[in-house]
Amino acid sequence: MNKQSSLLKLENINMYFKLKNGDELQASHNVNLKIDNGEMVVVVGESGCGKSTVGKMSLGVLKPSCGTISLDGQDIWQKGFKWPAKLRTEVQVVHQDSFSSLNPVKTIFQTLSAPLLRHKLVKNKKEALVKINELLYSVDLTPVEYFIHKYPFQLSGGQRQRVSIIRATILKPKLIVADEPVSAVDASSRLSILDLMKGINKKHGIAFLYITHDLATARYFAPEGRIVVMYLGRVVETGKIKDCISGPAHPYLQALLTAIPHSDPQKAKEPIKIPLKSFDMPKATHPPSGCVFNPRCLYATDICTKEVPLLEKYRGRQIACHNKEDIPGFKK
Ligand SMILES: Nc1ncnc2c1ncn2[C@@H]1O[C@H](COP(=O)(O)OP(=O)(O)OP(=O)(O)O)[C@@H](O)[C@H]1O
Ligand SMILES: [Mg+2]
């Protein structure tokens, strides 16, 4: 590995989709993102802002229209890069829908033994059985004998997601892209699944790109990590999670944080006043001119309707806002 390089780097990524009606939609606008070995990075934003597109490009399943994606310093779309073999082992995925991501006609043993045998991590089925027993035990799928020969439909959503997480870690990847891994899981299993992934990061040093629309889980998942806040395909604020969440600078991040229910039960009863001019997200096919957030922003001025703000350093993070100096501090 090139010591100078990040594990994964997305540089000046633009992604355009051609729609059936002839419209063009830009799902990523000059997105830059870097993940170092062992790092926890969270991508947040509302539905349709381009989170999964970033995840798919990081996994190498979607080729950006322009820009560079590199893994260990090597451009993954450059001729000669050994992919998908390298990407397949080094970057793994955990999807939101564990049901469709696990093969319904294979038992848990069959699903998990296949990569072990294919990549010669075990010599035979007997060794695979021992290994899978250990793995199921490590994620609390016990008694192991009860789970190992079950089919996905015989498990709960949370249990299936644990199997998906084992499958993602089995080849000892360097990075796991987890796209909304807990949003389809019942609330009682959510924290334990996030804890499981946190434990994997700590124990094996595997980096995570956690994609979510839920800021509360972002903070829980990676209190020491970095956050990338997206709005209509653009990064509007990025920095250390603890800085951005305790003192959000961009009006959009401030609005998202206001929408999180208060942990103090007394304050939680008070009506929430979200600082937005409108709740409607503009159409991605016809984004507003200037700053794409301007029609919903309480602080928008003339320049915001005309010029796209650059992502610039500001108070220890980066933010894309013309009026950053004039945005009042965040109060909840
Ligand atoms: N293959 C595709 N063809 C056309 N448009 C697409 C395609 N994939 C994504 N899009 C569009 O690109 C935009 C970003 O989609 P993306 O799935 O990345 O959003 P997201 O932030 O993951 O949303 P969600 O939270 O709902 O999962 C959306 O407007 C979406 O409709
Ligand atoms: Mg998505």
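Up top is the structure.
What counts, and at which threshold
Residues numbered from 1 in each chain as written. Chains lettered and ligands numbered in written order. Predicted model: local features only at pLDDT ≥ 70, side-chain atom pairs only at ≥ 80, totals over all residues. Helix = DSSP H or I, 4+ residues; strand = E, 2+ residues; numbered from the N terminus. Expected span 1.5 Å × (residues − 1). Buried ≥ 20, exposed ≤ 12 C-beta atoms within 10 Å, placed from the backbone. Arc of directions from axis to C-beta. Contact = placed C-beta atoms within 7 Å. Pairing = 2+ DSSP bridges. Axes fitted to C-alpha atoms, helices over the stretch in contact; angles between N-to-C directions. Core = buried A, V, L, I, M, F, W, Y, C linked by C-beta atoms within 7 Å. Domains from an automatic or database assignment. Near = placed C-beta within 6 Å. Nonpolar A, V, L, I, M, F, W, Y, C, P; charged D, E, K, R; others polar. Parallel < 35°, antiparallel > 145°, perpendicular 65-115°, else oblique. Left-handed = near helix turned anticlockwise from the far one by under 90°.

Draft legend 1. Looking closely at helix α8 (residues 187–204). The end-to-end C-alpha distance of α8 is 26 Å, a good match for the 26 Å that 18 residues give at a rise of 1.5 Å each. For α8, every residue scored as buried is listed here: Ile-193, Leu-194, Leu-196 and Met-197. Buried residues along α8 cover an arc of 150 degrees about the axis, so they all sit on one side. Among the exposed residues of α8, those oriented more than 90 degrees off its buried face are Ser-188, Asp-195, Gly-199, Lys-202 and Lys-203. Buried-residue contacts for α8 involve α7 (157–169), β7 (175–179), β8 (207–212) and α9 (215–221). Downstream of α8 by a residue or two, Gly-205 has a phi angle that is positive, lying close to 70 degrees.

Draft legend 2. Summary view of the sheet that holds strand β9 (residues 226–231). One open sheet holds the eight strands; their spatial order is β6-β7-β8-β3-β9-β10-β12-β11, and the pairing between them is mixed. Every other strand in the sheet has two partners, leaving β6 (91–94) and β11 (312–314) as the edge strands with one partner each. The sheet shows a mean angle of 20 degrees between the axes of neighbouring strands, taken without regard to direction.

Draft legend 3. Region of interest: the nonpolar core. Counting 86 residues, the largest nonpolar core has Val-42, Leu-175, Phe-208, Leu-209, Tyr-210, Val-229 and Val-236 as its most contacted members. Residue-level mapping places this core at the junction of two domains, with at least three residues from each of domain 1 (8–102 + 161–326) and domain 2 (106–150). Those residues within four positions of Leu-209 in sequence are excluded, and the remaining contacts are Ile-35, Val-41, Val-43, Gly-55, Ser-58, Leu-175 and Val-177.

Draft legend 4. Structural view of the site of ligand 1. As a matter of local geometry, ligand 1 sits amid 14 residues, with Phe-17, Ser-47, Lys-51, Ser-52 and Thr-53 nearest to it. Elements supplying a minimum of two residues to the shell around ligand 1: β2 (24–35) and α1 (51–59). Here the shell around ligand 1 takes three residues from α1, the largest share from any one element. Within the shell around ligand 1, the residues separate by chemical class into six nonpolar, seven polar and one charged.

Draft legend 5. Inspection of the packing of helix α4 (residues 108–118) against α7 at higher detail. Close contact between α4 and α7 brings their axes to 9 Å; oriented N to C, the two are set at 15 degrees. When the axes of α4 and α7 are compared, the pair comes out roughly parallel. The interaxial crossing formed by α4 with α7 has right-handed handedness. Residues Ile-108, Thr-111 and Leu-112 of α4 form the contact with α7, whose own contacting residues are Val-163, Ile-166 and Arg-167.

Draft legend 6. A look at unusual backbone geometry. Backbone torsion omega between Thr-142 and Pro-143 reads -5 degrees, so that peptide bond is classified as cis. Here Glu-180, not a glycine, exhibits a phi torsion of approximately 50 degrees, which is positive. Along the chain, Glu-180 falls in the loop between β7 and α8. On the basis of neighbour counts, which here come to 20 C-beta atoms within 10 Å, the residue Glu-180 falls in the buried class. The phi dihedral of Leu-232 is positive, around 45 degrees, even though this residue is not glycine. Mapped onto the fold, Leu-232 is located in the loop between β9 and β10 (234–240). Judged by the 22 C-beta atoms lying within 10 Å of it, Leu-232 falls in the buried class.

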